[in-house]
Structures are given as C-alpha cells and as structure tokens.
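Residues per chain, in single letters:
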Amino acid sequence: MLWKIPRDGLDAPGVRAYPPRMPADPVLRVAVPAPLRHTLDYLPPADADAASLAAGMRVVVPLGARRVLGVIVAIAARSALEPAKLRRAFALPDREPVLSAELLRLCLFAARYYHAPPGEVLVNTLPVALRTLRPAGARSTRRWRLGAAAGGLGPQALANAPRRAAALELLGQRGTASDAELRAAGITSATVRALAASALVEPLPDDGSPCVALPAPPLFGSAGSTTQGGATAPALNAAQQAALDALDAARDGYACLLLEGVTGSGKTEVYLRFIERVLQSGRQALVLVPEIGLTPQTRQRFEERFGGVVTVLHSGLGDRERLAAWRRSADGSARVLIGTRSALFSPLPELGAIVVDEEHDASFKQHEGFRYSARDLAVVRAQQCQVPIVLGSATPSTESLANCAAGRFRHLVLPERAGEARPPVMRLLDVRGQPLDGGMCPELTARIGTELAAGKQVLVFLNRRGWAPLLSCADCGWMAECRDCDARLTLHRAERLLCCHHCERRQPVPATCPHCRSARLLALGAGTERAEHTLQRLFPSVPILRIDRSTMQARDAMERLVQEVGRGDPSILVGTQMLAKGHHFPRVTLVAILDLDGGLFSADFRAAERTGQLLVQVAGRAGRADLPGEVLVQTFHPGHPWLMRLLGGGYAAFVGPLLQERRARGLPPYAHLAVVGAEGRSEAATLRLLQEVRDALRRAHPAVEAIGPLPATLPRRAGQHRLQLLLRHPHRAPLHAALDAACTLLESQRAAGITRWHVDVDPQDGA
Ligand code: ADP
Ligand code: ZN
Ligand code: ZN
C-alpha cells in the first residue's frame, strides 16, 4: 500500500504534526486454521483498497512458511505487535465477505463457548469448496464473457498489456470461454481477475446448481386451507392447533418452545404449518434433523408441501452441490433449508424460524475436532437473530425439560397419536434360562411367525452390527481383542473378518486359537448379520431387509428400502438404530427389541436417558397407522426399575425420577461439566500433563471441582492412551474461567508435542 499523506487540514505547510500523522494501514484480525485460541494480526494485502476490507472476508495469509486461508474477524486501527513484526496478507480471494456479520458473531460465540480455535470453527463452517485458496466464485468450470466496459475500449487501449488483450480477443471471437480454456490459451486466472475487476470481462450467471428446481406450488393459499402447496394436509387436531397457535404467537421475536409429542402425534405436521406461516411472512426457515433422521420420507414431505423452495443438505452431496446449496441459502432462493448438524452454519439472511427435530438426538453433538452442540448453538442463533425456535421430540432431553421447568423454554405437548393410530402395547420377554437362536427366544420367533402369517411386517431391533460381538476359545478362554484398542473384535462372517468398531483394524478370522491351537472357536452373542441369518432360516419365504452401516453404504440404499417396505408385503426389517428414527412404516405392527440390557448397567450417568429414549423411539415404529402395534422387549432383568417405569408410564414416568436423581447427585442439567481430554502414545506422559492441569486449576480455581485424571470410556484407541480430567461447577462462568486457564497452560506445553489434548464443554459421552 502507498503511503499517501493527506495535504489538507493539519498538515498545512510549516505546521509539523507530532507524531507525524500518517494514516497507517488498518490491521486485520485474522482467524487462521491452526490450533490457536486467538486471532493473528496482519497488514492488508499490498494491493487492497482499504475501503473494500470487511469482517467476514476470506484472506490468504502467511503462517510460518505456509500460505493458509483465514477469515477476517475484525479490522482494527492498530496492533499490539510492533509494526516490524506484522506480516502482510497475500491476497483477498473474494470481493465480499463470505460470512455475514450474524454468522461471524455466532461462530465467534461458539469458539469462545467451546474453547475452540476460532480459525478451525470458521473454516469448518464454510463449505469445503470455500476452504481452499481458490476464489469463492471461480471454479474450473466457470465461464466468462466480455463485460460491460469492453465495448468502450479503443484498439490501442491494452497495447501494453498483451495478455489481457489476448484474453479479450479470445472472448470476442468465441463469445464465452471457461477458466480451463483460458488457461490453455496461456491466460492466467490473475489476468482474468484483473479484467473482471475493471468490468472488461464478467462471469456467466451461475449454472452450477445440480438440483432441478421442482415447479413451485402455489405456496400461499388462504389461511386455514387444508391444501398446502401440492399436497393435502390433514386438519389439525386440538392439541396440534394449540401448539401451532403458540408458535404463531411467538413469531415476532426470540422464544424457545419444546414440542413434546409421542411418536406419530403429528409434530412434523405442526412444523409444516408453522413454516408455511414463516414463509408467508417472507422469511426463511431452517430445519435441523439428526444424521439418520433425514429420511427420504421426511424430505419428500417437505418437498410435497413447499416444492422447489426446499433445499436439502444431506451427506450424499458432493462439495460442488454443497456449495450450490450454500449459495441458494445465501441469496435467498432457498426458503426452507433442511440439513443435519452442520447446516446450522448456513447463511440465511432472512431467517425467520428454526426447527430442531428429535432434539434429544446425540448426533447434534460433534464428537471430534470442533466439539459443539448444533441444538444448543441453534438456540443461540435464534436468540441472536430474534426469531423463534422449536425443539421437537417424543423423548425430550433432560436439558430441555429442565429449561422448561426453569421457565427458559415453553413446553408444548401433543399427548396422543394423530389420526386413527393408537399407542403400541409394550411387553417384556424374560429371557433368563431360555435358549437364544440368533439372539431371539422361542416365544419371540413364534410371535414373529404369527404376525407374518397375518400378512404384517415386523421390525427387529439390535444395536450391534456384524455376526457376533465376541469370538472366544472354548478350551482356554482366549478372546479376540483389538491390538490397538481396549476392545473386543466383532466377527463379520460374510466378509470373513474380525473388525474393531473403534479403529479401522480388520484382520482375518483365525482357523485355530492363537493361544492353545484348539479348533473350538465360538462366536458368542448376536449382531444384525446373525439375526438376519437366523430369521432367513426360520422364515425362508419372507424377505429380510437388514439395515445397518454395513448394508446402507450405497447412496440410495435407504430410499430403495423404504420403497420395498412401502409395498406392504410381509417382511422383516432387521437393523440398528438407523431404523429407530423418523421412519414411518405403516404396515409394521410388531417391533422386537433384542438387547437393551447393555445400557441398563453402563457407568455413564447418561446411559439411562439414552436407553429410555432408544426404547421409546424404536417402540414408536410400531402401529403408526390404523393397525394396532405391539412391542416386545427381551431382557435378562425384567425387574429393572427403568424398564418398569418405561413400560408402566412411558417416557414421562421414566424421566421424572431421572431428573430428581440428577439433581440430587449434582449432575447436568443441574450442574455444568467440561472435560479436558488428552491422548498420547505414552500413558505416563499423558497422565502427567493432565495432573499438571489439575494441580494448577486446584490452586487458581479451587471452587471448580477437578475430578481425575481418569481413563476415558475407551481407555486405549488406535494405540493412543486416553485420559480425561472432568471439571464441574453449578454455574457456567467459573467453569469457563477454569477452562480458559487450562487452555492457556496446555498451549504453553504444546512444544512437547507428544500429547494431543482437547476441551469438551457440555460433554455428551463418557464423562
Ligand atoms: P411425528 O412427527 O410426531 O412422528 P407426523 O407428523 O409424522 O408425527 O404424523 C404421523 C402421521 O400422522 C403422519 O402420517 C401424518 O400425516 C399423520 N397426521 C398428522 N397429523 C394428523 C391429523 N391432524 N389428522 C390425521 N392424520 C395426521
Ligand atoms: Zn484357546
Ligand atoms: Zn481397534
């Protein structure tokens, strides 16, 4: 940048300003993709126009010897660094911010709250296509044409700029050319950018959208009409109407409403009506769903109602498609955006409401890297934007229920199934002393048989993939264990492999015991693969559909499955929790839950909540239409109090005592927790690091309880020893102050470099 000294005002001849008034370069506060919990200061790129700088812009900066892409989070007048130490940014890839002030604020809040490096947060929230050093707009497929200013150029205008002249000549001859074609003609993207900056060339309108827009149905029918968009909507029942009225009344500012409704009570119907009103008022709606809740059916329902204005962000999209969706949200052509966790960070300039469906679902929490809760941040975003947010669930989280009790959220309840559907009948099957075949007792397989004979469909739930969770030697007791994790290997029979479900390890199945050479190796217990095999043997003429991570890899596997089941012929669905969420299979009348006992005796205080939610959600798949449903739960512990409460009074009877217990034990939601976790090859070094943190915190923050260091739930994974220090306090502020201190201390230890560490605020597992 040139040092331009203004010649007016105080700098009149003869008056010597002291210190000399030289308008210095502004300083860019940049979040860089590095594990730093603060921003770095840079000078703007040499050719940048100070007036064009804005927070939220991407910027290419030097970091050590690397060139990295950062985001400007603020522009300051001066830096605390000595001027000589300030490095200059290389370039601004875009002319405008990629992050709105609103999103920037949300990201910075998240970075602070979760004690995460702001650069990692910001860069993670951008679509992958915007995380590279290429300009946001320019892709290799972008096409250019002559711009408005090109017509006025005289023949000699670019005589001194032969490459620009060549570019204009080429475009003049061909009409349009892509980046690749221009490059082939020896014209660099820098040349094209320079031409674009003076409007001599311009990009063709973006045709990168991969989604064919559906014809938009007449959205804005008269109020009270029962046809919304293309599809006919049922008339709401009284509870639904009351919920909708409450949501509607909250439309003009921030409010958080918990919509608790048993499975099939018509929550989605309420969201659809509410969103219709949000759209009518000219605003956008954001709908967050769990990872496996984004079923083809959910998607279809929204698309039938709202047509082409719905944009769906799902895991099957490629980087280009994600970028296109991101753009549609940003430019307002997406009015309803549905997506999983990361969709929270989509640009929505006219955001009018947020819906979080199945708000209790664990997949809203990211467990690696930037550990955030999309549900909790959605509430923050709603607050920042002053819009209402609805959290919906049949099995609300203890956090949300406590927020209702404290008056922070409003509690809306749909007590009954909508339409004709009745709640399913639940029954325990005591499997003590019974022979199990493929994990199923004889009474269960007999019931499955009668149900199929009556022309119905059956769902068998088993939250374990593979053939058997354990391969053991009948002679010496050897068990197949992972070399790198504290975990057993799962037998996958069809693939003839032993697999570790915690790391990527896979190894062949031994023919004899590696310890005593005995050939008597036993596969103990049952996973979905074994259950499927057994059911096929018992019911050879019935199609068995297995649904787990192994069988649902293909992009449209779930779609095909839903179609197959939708035909309604007798069949059995066997699957893991992928089956539990959101699906609506009207002809499923019997749900069998094979093994829930694991959750009843876990050391994790959240296991009760998880187990109760899973049971109620799986059970909710039974009898969702006019056919009555039945749920059979196999257990070795028929007298367990959790099961008694769930069967006796449903989720509400179960979660009430749970909340009381949490309060008595000083556990969330009545206290705040955070984990400082560390992992390394050396157990001793990892332990020492966390002990140092603990001792420092006990000295400086004695009010915050520091428990541990203790082994993580899985103490060793992929060869890394994992330990954690648990911090607890009844209030957030002291906990966060302690976390700040912990991070500062750990950052100063980084040089050692042998131990990786992280902070998990409001941890959801293994605490
Ligand atoms: P949830 O989201 O609570 O599981 P849904 O909105 O998916 O419930 O509704 C379950 C089923 O009931 C769907 O097939 C839906 O079309 C139907 N339904 C919802 N509301 C009504 C209503 N008021 N009258 C009749 N059927 C309804
Ligand atoms: Zn042996
Ligand atoms: Zn492993």
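In case you missed it, the structure is sitting above this.
Conventions adopted
- Residues numbered from 1 in each chain as written.
- Chains lettered and ligands numbered in written order.
- Predicted model: local features only at pLDDT ≥ 70, side-chain atom pairs only at ≥ 80, totals over all residues.
- Heavy atoms only, no water.
- Core = buried A, V, L, I, M, F, W, Y, C linked by side-chain atoms within 4.5 Å.
- Buried < 20%, exposed > 50% of the residue type's maximum accessible area, 1.4 Å probe, protein only.
- Helix = DSSP H or I, 4+ residues; strand = E, 2+ residues; numbered from the N terminus.
- Donors = N, O, S within 2.8 Å, 3.2 Å for Na, K, Ca; no water.
- Tetrahedral: all angles 85-135°; square planar, octahedral: opposite > 155°, others 65-115°.
- Pairing = 2+ DSSP bridges.
- Axes fitted to C-alpha atoms, helices over the stretch in contact; angles between N-to-C directions.
- Contact = heavy atoms within 4.5 Å.
- Parallel < 35°, antiparallel > 145°, perpendicular 65-115°, else oblique.
- Nonpolar A, V, L, I, M, F, W, Y, C, P; charged D, E, K, R; others polar.
- Left-handed = near helix turned anticlockwise from the far one by under 90°.

With respect to the nonpolar core
- Counting 109 residues, the largest nonpolar core has Leu 288, Ile 389, Leu 573, Ile 593 and Leu 727 as the members making the most contacts within it.
- Sorting elements by how many residues they give to this core places helix H17 (residues 641-664) first, with 8 residues.
- One finds Ile 275, Val 287, Ile 338 and Ala 353 within the second-largest nonpolar core, a separate group that totals 30 residues.

Digging into the coordination of the zinc ion (ligand 2)
- Within the protein, the atoms that donate to the zinc ion (ligand 2) are Cys 473 (SG), Cys 476 (SG), Cys 513 (SG) and Cys 516 (SG), at distances of 2.2 to 2.4 Å.
- For the zinc ion (ligand 2), the 4 donor atoms in the first shell make angles of 104 to 113 degrees at the metal, so the coordination geometry reads as tetrahedral.
- Here the donor residues of the zinc ion (ligand 2) share one chain and are spaced in sequence as C-x2-C-x36-C-x2-C.
- When its relative accessible area of 34% is taken as the criterion, Cys 476 is described as partly exposed.

Some points on the sheet that holds strand E26 (residues 572-575)
- The strand order across the open sheet formed by 6 strands is E18-E28-E27-E19-E26-E25, and the pairing between neighbours is parallel. One side of each edge strand has no neighbouring strand; the edge strands of this open sheet are strand E18 (425-430) and strand E25 (544-547). Neighbour-to-neighbour, the strand axes of this sheet turn through a mean angle of 20 degrees, independent of strand direction.
- Across 5 bridges, the pairing between strand E19 (residues 457-461) and strand E27 (residues 588-593) is parallel. Across the sheet, residue Phe 461 finds its bridge partner in E27, namely Ile 593.
- Across the sheet, helix H12 (residues 442-453) lies against E18, E19, E26, E27 and strand E28 (630-635), angled at about 165 degrees from E27, the strand it touches most.

Topic: the packing of helix H3 (residues 162-174) against helix H5 (residues 189-197)
- Their axes nearest at 10 Å, the elements H3 and H5 cross at an angle of 75 degrees. Between H3 and H5, the angle is such that the two are roughly perpendicular. Across from Arg 163, Arg 164, Ala 167 and Leu 168 in H3, the residues of H5 making contact are Thr 191, Ala 194 and Leu 195.
- Considering only residue class, the contact of H3 with H5 consists of 4 nonpolar, 1 polar and 2 charged.

Re the packing of helix H6 (residues 238-249) against helix H7 (residues 267-280)
- Following both chains from N to C, one finds H6 and H7 inclined at 35 degrees, their axes separated by 10 Å at the closest point. Here H6 and H7 pass one another in a crossing that is right-handed. Contacts between H6 and H7 pair Gln 240, Ala 243, Leu 244, Leu 247 and Asp 248 from the former with Glu 269, Val 270, Arg 273, Phe 274 and Arg 277 from the latter.
- Broken down by class, the residue content of the contact of H6 with H7 amounts to 5 nonpolar, 1 polar and 4 charged.

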